[in-house]
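Structural overview
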Amino acid sequence: MVAELSKKTMLENSDFSEIDCFCFTGALERNCKFAYFIWLAFSRKMPNCLIHQSRPIIFHRDKRSGNISLYLHHSSGNVPYTISYKPQQKISSLRNEDKTDILVTSHFAACDSFLRRGVRSYQVPTVTATTDEMKDANTPVYNTIGSWIVTLDKDKKGNLKGTSQMYIPYYKTIKDDYRTFKKLELLDHTTISVPEINVKDDKDKIFDMLKNGQSLDEIAKKVGISSLKLGGVIEQLNTRGYNIIIVDNKVVVKKSKNKNNKFIKPNMSELKKIRQLWISDTHLCNEAQQLNLLNKVYKEAYDRGIDTVLHFGDVLDGDYHNRPEHQYALFRLGASRQLDYITNYYPKVEGIDTYFITGTHDQTHCKNGGVFMGEAIEEKRPDMHFLGDDKGIFNPKESIKTSEEMFHPGGGCSSSLSYKMQKYIDKMEPGTKPNIIGSGHFHQSHMMAYRNVIAFLIPCLTAKTNFAIRQGLENTMGAYFIDMYVNKDGDIEMIEFEEKRYTEKDIKKDDYMKTKQLVLKRDN
């Protein structure tokens, strides 16, 4: 099923009972007044829902099957620097009675996704090359090209339980695609096509007048231009895919070089798959720790067959001497006691290796007494591998050319989820960009594609500490299960991720006194 939604379209009587997966692609033209969303539906079960664009949502409620609501919104106005600002603003403006399950936003040629106030937001990138309008805009337009494939998971009542999403980036575009594109015919003989447009300018009309064996002078006289100018036109036609040569001042037209479709995205079967669990900010040895949640995500990784976990810093809560009240929040004081705790309580799962960096909390032990906690943990736990303080580069065994940057910055949070990572990526020198980057520290959750880098903010796995409460800081708890599909050069062609989110209901009181170490062994 393919549905094209315009600003005036409302699917009031559509049957969505067989849908659970959608594909979002952004504006086909940047200067259009409304977005075109193409929804490719795949057969399974999803309750009936009603979709409306750019107006308050009207729901069709069914007590027996539940309800999943989607809000399609094509924004307007100048493009803000911070990618996440407009969707965050939109979600904040929704009253509780107007809240939707999923918000889909377009117009800004950007790409990001996050969960806020119970609303899963997707900002849809474009499927067009950078236009002159984008280049001449007063504010920079970075034109992220790609699409989303989103799978919806519902509970027993038919309400939205969670989502799994695949982002498909495109790093290259085809020049003069509108001249050579052809319809797409699927293997099941279902045809998805756009009416072929015969767009010809004066140069194309000149090509139609060319005949083999004619001299340049004859054609120039017929067209009404000089022979010299005609030679220049022929050179321009060759850059468009035509194949014209001049032999002894006569024109020879050969078969066009661009008769076949060009595919710039390999099939998934041709790519290497990398599966990982990403976590951060466990803050072990603080009374607010949630070792039970850490055990849960490791157990799920074990069940999924994942053998690699990346930890993005603040493994331990450390010991801040400049915060006198901090010692009362700890149940293990000092470097040796905290090292002993992580050695004996951090999950130990056969077949899973954990690669970690240290954050600002871990490094307090170095400041206090010269204990480098990263090396100390690695020595005590052979399944835990230290990659650096604040920053590390991980090259997965499946594709050593793929560069994954692990980052744990300092400083405070920004109200806009994307701001800090955008500023960090902007400062990267050419040739130093990783394929993907994850950041801990902020206890926030966000994904974006920006300047050909895929970036994540990794949520934490601890309850809110007294310090965070006093400072009024966010505390998003969760983890990311990530599947990357990379080509032979290590570039990420597709990335699928599922966010495991935890709430206050999942917090275990006095976890530090009740939870034991998770120890699992693989079955032979």
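In the block above lies the structure referred to throughout.
Counting restarts for each chain, with residues numbered from 1 along the sequence as it is written. Local features in this predicted model are restricted to residues whose pLDDT is 70 or higher, and side-chain atom pairs enter the listing and the counts only when it is 80 or higher, whereas totals over whole chains, interfaces and linings include all residues. Think of the side-chain values as coming from all heavy atoms in the structure, minus any hydrogens and water.

This part covers the overall build of the protein chain. Where helices and strands are cited, they refer to DSSP runs of H or I of at least four residues and of E of at least two residues respectively, numbered from the N terminus. Looking only at helices and strands, the protein chain features 13 helices and 27 strands. Only protein chains enter the area calculation, which uses a 1.4 Å probe; residues under 20% of their type maximum are buried, those over 50% are exposed, and those in between are partly exposed. Each of the 524 residues in the protein chain was classed as buried or not, and the buried ones make up 50%. It only takes one pair of heavy atoms within 4.5 Å for two residues to be counted as in contact. Excluding contacts between residues fewer than 6 apart, the proportion of contacts in the protein chain whose partners are at least 24 apart in sequence is 67%.

Right, let's talk about the pattern of salt bridges for a bit. What makes a salt bridge here is a side-chain nitrogen of Lys or Arg within 4 Å of a carboxyl oxygen of Asp or Glu, nothing more. Going through the model one piece at a time under the given rule, you end up with 15 salt bridges. Between Glu-499 and Arg-120 there is a salt bridge whose closest N-O contact spans 2.8 Å. Residue Glu-499 is located in strand S26 (residues 492-502), and its partner Arg-120 is located in strand S8 (residues 119-123); the two are separated by 379 residues in the primary sequence. Both residues of the pair, Glu-499 and Arg-120, belong to the buried class. One salt-bridge network, held together by shared partners, links Glu-300, Arg-304, Glu-498 and Lys-500.

For the rest of this paragraph, the subject is the pairing of strand S25 (residues 477-486). A large share of S25 lies buried, amounting to 10 of its 10 residues. Here S25 shows a buried face lined by Met-477, Ala-479, Phe-481, Asp-483 and Tyr-485 and a second buried face lined by Gly-478, Tyr-480, Ile-482, Met-484 and Val-486. Two strands pair under a simple rule: DSSP has to find at least two bridges between them. Note: S25 against S26, 10 bridges, orientation antiparallel. Bridging across to S26, Tyr-480 finds its partner in Glu-499. The turn linking S25 back onto S26 is made up of 5 residues, and Gly-490 within it adopts a positive phi angle of 90 degrees.

By secondary structure assignment, the location of Thr-462 is in the loop between strand S24 (453-457) and helix H12 (466-471). Overall, Thr-462 belongs to the buried group, its relative accessible area being 1%. From its side chain, Thr-462 meets the backbone oxygen of Ala-288 in a polar contact 3.2 Å long. Once residues within four sequence positions are removed from consideration, Thr-462 is found in contact with Asp-281, Thr-282, His-283, Ala-288, Gln-289, Gln-290, His-443, Asn-475 and Met-477. Here a polar contact means two N or O atoms within 3.5 Å. Within protein one must be a hydrogen donor candidate and the other an acceptor candidate, and residues neighboring in sequence count only if both atoms are side-chain atoms.

Next up on the list: the packing of aromatic side chains. The criterion for an aromatic pair is that two Phe, Tyr or Trp rings (for Trp, the six-membered ring) have centres within 6.5 Å, with stacked assigned to planes under 30 degrees apart, edge-to-face to planes over 60 apart and tilted to the rest. Across all of its chains, the model carries 17 aromatic pairs by this definition. Measuring from ring centre to ring centre gives 5.3 Å for Tyr-142 and Tyr-450, while their planes differ by 80 degrees; the resulting arrangement is edge-to-face. You can see Tyr-142 sitting in the loop between helix H2 (132-135) and strand S9 (146-154) and its partner Tyr-450 sitting in strand S23 (residues 446-450), a full 308 residues away along the chain. Accessibility expressed as a relative area gives 2% for Tyr-450, which makes it buried. Arranged with centres 5.2 Å apart and planes meeting at 90 degrees, the rings of Phe-456 and Phe-497 form a pair that is edge-to-face.

What follows is about helix H7 (residues 291-304). A helix's residues, less one, multiplied by 1.5 Å, set its expected span. The terminal C-alpha atoms of H7, which comprises 14 residues, lie 20 Å apart, in line with the 20 Å expected from a rise of 1.5 Å per residue. In terms of burial, H7 is a largely internal element, 10 of the 14 residues being buried. Among the residues making up H7, those that are buried are Leu-291, Asn-292, Leu-293, Leu-294, Asn-295, Val-297, Tyr-298, Glu-300, Ala-301 and Tyr-302. Taken from the residues just after H7, Gly-305 is the one with a positive phi, measuring 80 degrees.

So, on to the pairing of strand S15 (residues 272-279). Strand direction decides the pairing type here: S15 and S25, joined by 7 bridges, are antiparallel. Note that in S25 the partner of Lys-273 across the bridge is Tyr-485. Looking at chain direction, S15 and strand S16 (residues 308-311) are connected through 3 bridges and run parallel. Residue Ile-279 lies in a different strand from S16, and its bridge partner there is His-311. With H7 bridging S15 and its parallel neighbour S16, the resulting β-α-β unit is right-handed. The handedness of a crossover follows from its direction of travel: if, with the strands pointing away from the viewer, the path from the first strand over the helix to the second runs clockwise, the crossover is right-handed.

Turning our eyes to something else, we now look at the packing of helix H5 (residues 216-223) against helix H6 (residues 227-239). A packed helix pair is summarised by two numbers, namely the angle formed by the two axes and the spacing between the axes. To define axes, lines are fitted to C-alpha atoms, for helices over the stretch in contact only, and angles between the resulting N-to-C directions are given on a 0 to 180 degree scale. Where H5 meets H6, the closest approach of the two axes is 9 Å, and the angle between their N-to-C directions is 95 degrees. What the angle tells us is that H5 and H6 run roughly perpendicular. Two secondary-structure elements touch here, H5 through Leu-216, Asp-217, Ile-219 and Ala-220 and H6 through Ser-227, Leu-230 and Ile-234. When grouped by side-chain class, the residues that make up the contact of H5 with H6 number 5 nonpolar, 1 polar and 1 charged. With respect to orientation, any angle under 35 degrees is reported as roughly parallel, any angle over 145 as roughly antiparallel, any angle of 65 to 115 as roughly perpendicular, and every other angle as oblique. Asp, Glu, Lys and Arg are counted as charged, while Ala, Val, Leu, Ile, Met, Phe, Trp, Tyr, Cys and Pro are counted as nonpolar; the rest, among them Gly, fall into the polar class.

With that settled, the discussion passes to unusual backbone geometry. Generally, phi is negative for residues other than glycine and the peptide bonds are trans, each holding for most cases. One non-glycine residue, Asp-281, adopts positive backbone phi at about 50 degrees. Here Asp-281 is to be found in the loop between S15 and H7. One non-glycine residue, Cys-285, lies in positive phi territory at about 85 degrees. Counting through the fold element by element, Cys-285 comes out in the loop between S15 and H7.

Tracing the backbone through its elements, the reader meets Thr-308 in strand S16. The buried category is assigned to Thr-308, whose relative accessible area is 5%. Leaving out residues up to four positions away in the same chain, Thr-308 has contacts with Arg-275, Gln-276, Leu-277, Asp-353, Tyr-355, Phe-394 and Lys-397.

The subject of this paragraph is the nonpolar core. Put simply, a nonpolar core is a bunch of buried Ala, Val, Leu, Ile, Met, Phe, Trp, Tyr and Cys residues held in one set by side-chain atoms that sit within 4.5 Å of each other. Among the nonpolar cores identified, the biggest contains 36 residues, and Ile-279, Val-297, Tyr-298, Ile-342 and Tyr-346 are the most heavily contacted of them. Listed by contribution, the elements that provide at least two residues to this core are S15, H7, helix H8 (335-345), helix H10 (373-380), strand S19 (384-389) and S25. Sorting elements by how many residues they give to this core places H7 first, with 7 residues. If sequence neighbours within four positions are ignored, Ile-279 has contacts with Leu-294, Val-297, Tyr-298, Val-309, Leu-310, His-311, Phe-312, Tyr-346, Ile-458, Leu-461 and Ala-479. Val-104, Tyr-355, Phe-456 and Met-484 belong to the second largest nonpolar core, which has 33 residues in total.

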